[in-house]
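Now for the letters of each chain:
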2 protein chains.
Amino acid sequence: MKHIAESTVRRLSLYLRFLEQSRREGKDTISSGDLAGLGGTTSAQVRKDLSFFGSFGTRGLGYSVSALSRRIREILGLEREWRVVIIGAGKIGAALAQYRGFADRGYRIVGIYDVAPARIGVSLDGITVRDQKELEGDAARLKPEIALLAVPPTAAQTLVERAAKAGIRGILNFAPAQIHAPAGVEVRHVDMALELEILSYALTNARKK
Amino acid sequence: MKHIAESTVRRLSLYLRFLEQSRREGKDTISSGDLAGLGGTTSAQVRKDLSFFGSFGTRGLGYSVSALSRRIREILGLEREWRVVIIGAGKIGAALAQYRGFADRGYRIVGIYDVAPARIGVSLDGITVRDQKELEGDAARLKPEIALLAVPPTAAQTLVERAAKAGIRGILNFAPAQIHAPAGVEVRHVDMALELEILSYALTNARKK
DNA sequence: GTGGGCTTGTGAATGATTTCACAAGTTACA
DNA sequence: TGTAACTTGTGAAATCATTCACAAGCCCAC
Ligand SMILES: NC(=O)c1ccc[n+]([C@@H]2O[C@H](COP(=O)([O-])OP(=O)(O)OC[C@H]3O[C@@H](n4cnc5c(N)ncnc54)[C@H](O)[C@@H]3O)[C@@H](O)[C@H]2O)c1
Ligand SMILES: NC(=O)c1ccc[n+]([C@@H]2O[C@H](COP(=O)([O-])OP(=O)(O)OC[C@H]3O[C@@H](n4cnc5c(N)ncnc54)[C@H](O)[C@@H]3O)[C@@H](O)[C@H]2O)c1
């Protein structure tokens with residue numbers, strides 16, 4: 001398959017949200033214009049995005065809400081369950097552990113790890129925090145595929161490498177640290193400080209333009 | 001000034017991190033190649049990014065770490081203090097309130113709001129959570145410029161509008177909700193569910209490519 | 001002060017993404 | 001069946017972002 005731009009994948013994920021909302025509202029079909037209106041884009045963009053994966057619309061009518069939802073879910077890999085571990089049971093790690101939104105999307109938390117004695121043994125949403133030393137040993141049993149990494153920046157690189165050795169192929173990193181991803185492992189970043197700085201850039205330079 | 005791409009601003013913010021790290025390591029100058037090596041980019045990209053704002057390097061030598069830091073900080077609007085409120089003192093809101101990283105960068109939390117009686121009156125890092133009804137009334141005194149919005153998705157749009165009326169010009173939204181930004185207000189999103197879905201897309205389609 | 005070695009700054013070229021524009025297909029309805 | 005009103009799917013054009021490539025400038029050693 002031809003390479004798909006990240007911007008396209010990001011929009012697909014948004015379209016899926018709008019489709020689910022439309023389904024809740026009882027709609028059976030939706031046009032590219034409707035989808036574009038809900039996100040901040042154009043109908044041509046929506047059609048182009050979808051066209052990379054085939055053609056699932058009906059001319060004159062639009063897209064079937066349920067069929068398109070199913071297809072996008074399939075493209076994004078959401079038809080299956082993903083086994084997720086959280087590394088770092090601090091403030092962010094605990095919030096992630098207790099967040100219902102992930103479970104609803106098929107991300108199942110199978111383990112939580114920390115290094116601090118005060119955190120080990122604590123139960124978060126039914127899962128007991130374990131010592132980070134057990135990460136590799138537990139992997140055979142838990143078969144984790146994705147890690148949410150919420151440790152201090154100085155610990156991040158080491159844990160990415162350990163996670164990779166434990167068979168984890170995807171990492172969502174919350175630490176503001178540059179990370180070298182081992183081969184075959186996809187690392188993405190949620191960097192709140194960066195977003196805040198982009199915001200203050202925009203506010204500072206709003207008048208100029 | 002010519003319009004600057006968001007990707008450029010995002011990289012500037014990263015360069016600033018690397019510069020601060022280099023300063024801690026005692027370096028006085030740094031070349032575009034060094035900066036590129038620390039982030040995942042090329043030296044031409046670094047020079048092009050900086051060239052939009054002027055020329056601060058010395059041929060043959062590179063950039064002065066302290067001068068370039070100062071200049072980027074100025075571009076991003078980090079030379080001043082920003083007055084920030086947190087709306088929604090739940091799990092994410094509380095984590096944000098207690099995070100030291102923001103204060104270190106000049107983002108000062110001046111107020112925290114919630115609607116739940118159980119949360120109102122709680123003290124987070126020295127700031128008492130107040131009733132969200134007071135948001136507008138407090139604004140004259142607190143003069144907030146940025147809001148971190150950590151409420152359920154259904155409440156997000158209303159609060160963006162109220163924040164705008166209270167004089168807030170920039171909003172960092174954590175709720176997975178599409179939001180219509182009032183004129184003159186910049187809204188950015190930190191969408192963890194979206195990032196996770198991009199990750200599972202990458203894992204699902206890793207072999208093909 | 002001269003020359004060798006580095007590094008910047010920037011037009012021009014390339015590559016990627018978005019927008020345009022329209023033929024072709026579908027529905028609704030008389 | 002005919003036609004009016006829509007909407008998709010997609011090449012082509014336009015726009016935007018990155019990479020190339022090199023002249024120009026500076027440092028330093030001698
Ligand atoms: N609002 C926020 O809290 C916020 C915002 C932006 C970024 N971040 C980043 O997210 C990360 C986590 O932040 P936090 O606020 O949850 O910090 P925290 O200190 O509350 O949590 C970090 C946890 O990681 C654990 N840890 C440390 N080393 C470990 C190791 N080797 N193995 C396993 N666990 C280990 C600590 O014991 C601690 O419980 C940090 O990198 C921080 O910079 C946090
Ligand atoms: N790990 C996470 O917790 C996580 C991950 C991704 C996204 N999010 C999103 O972040 C947002 C907050 O998540 P959370 O986990 O902190 O939820 P939470 O339920 O712990 O906190 C939400 C808080 O907002 C308050 N609130 C509700 N309506 C309000 C109003 N009108 N004014 C002021 N406060 C109001 C509630 O009382 C509650 O304290 C949600 O939109 C959630 O979808 C959370």
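It should be noted that the structure appears before, not after, this text.
Notes on the structure in this doc start here.

Conventions used here
- Residues numbered from 1 in each chain as written.
- Chains lettered and ligands numbered in written order.
- Predicted model: local features only at pLDDT ≥ 70, side-chain atom pairs only at ≥ 80, totals over all residues.
- Heavy atoms only, no water.
- Axes fitted to C-alpha atoms, helices over the stretch in contact; angles between N-to-C directions.
- Helix = DSSP H or I, 4+ residues; strand = E, 2+ residues; numbered from the N terminus.
- Left-handed = near helix turned anticlockwise from the far one by under 90°.
- Contact = heavy atoms within 4.5 Å.
- Nonpolar A, V, L, I, M, F, W, Y, C, P; charged D, E, K, R; others polar.
- Salt bridge = Lys/Arg side-chain N within 4 Å of Asp/Glu carboxyl O.
- Buried < 20%, exposed > 50% of the residue type's maximum accessible area, 1.4 Å probe, protein only.
- Near = heavy atom within 4 Å.
- Polar contact = N/O pair within 3.5 Å; in protein donor to acceptor, adjacent residues only side chain to side chain.

Concerning the packing of helix H1 (residues 6–24) of chain B against helix H4 (residues 65–76) of chain B
Residue and element names in this part refer to chain B.
Link 1 in the chain: Remark: H1 packs on H4, axes separated minimally by 9 Å, with the N-to-C direction vectors making an angle of 145 degrees. Note that H1 runs across H4; the crossing there is left-handed. Here Val 9, Leu 12, Ser 13, Tyr 15, Leu 16, Leu 19, Glu 20, Ser 22 and Arg 23 of H1 come into contact with H4, specifically with Val 65, Ser 66, Leu 68, Ser 69, Ile 72, Arg 73, Ile 75 and Leu 76.
Link 2 in the chain: Its residues assigned to classes, the contact of H1 with H4 comprises 10 nonpolar, four polar and three charged.

Quick notes on the pattern of salt bridges
Link 1 in the chain: A complete count under the given rule lists 34 salt bridges over all chains for this structure.
Link 2 in the chain: Note that A:Arg188 and A:Glu6 form a salt bridge whose closest N and O atoms lie 3.1 Å from each other. Of this pair, A:Arg188 sits in strand S10 (residues 186–189) while A:Glu6 sits in helix H1 (residues 6–24), placing them 182 residues apart in sequence.
Link 3 in the chain: With a relative accessible area of 39%, A:Glu6 lands in the partly exposed category.
Link 4 in the chain: With a closest N to O distance of 2.6 Å, A:Arg11 and A:Asp49 form a salt bridge. Pair noted here: A:Arg11 is in helix H1 and A:Asp49 is in helix H3 (residues 43–51), with a separation of 38 residues, a long-range link.
Link 5 in the chain: Judged by its relative accessible area of 18%, A:Arg11 is buried.
Link 6 in the chain: One salt-bridge network, in which partners are shared between bridges, spans A:Glu6, A:Arg10, A:Arg188 and B:Glu195.

Observations concerning the site of ligand 1
Link 1 in the chain: Neighbouring residues of ligand 1: 22 residues in total, closest A:Lys91, A:Ile92, A:Asp114, A:Val151 and B:Tyr99.
Link 2 in the chain: Site remark: ligand 1 is flanked by residues from chains A and B.
Link 3 in the chain: A:Val151 is positioned with one of its backbone polar atoms (N or O) 2.6 Å from an oxygen atom of ligand 1.
Link 4 in the chain: Between B:Ala95 and ligand 1, the recorded distance is 3.1 Å, taken from a backbone N or O atom to a nitrogen atom.
Link 5 in the chain: Elements with a contribution of two residues or more to the shell around ligand 1: helix H5 (91–98) and helix H8 (153–165) of chain A together with helix H5 (91–98) of chain B.
Link 6 in the chain: Class assignment of the residues belonging to the shell around ligand 1 gives a composition of 16 nonpolar, three polar and three charged.

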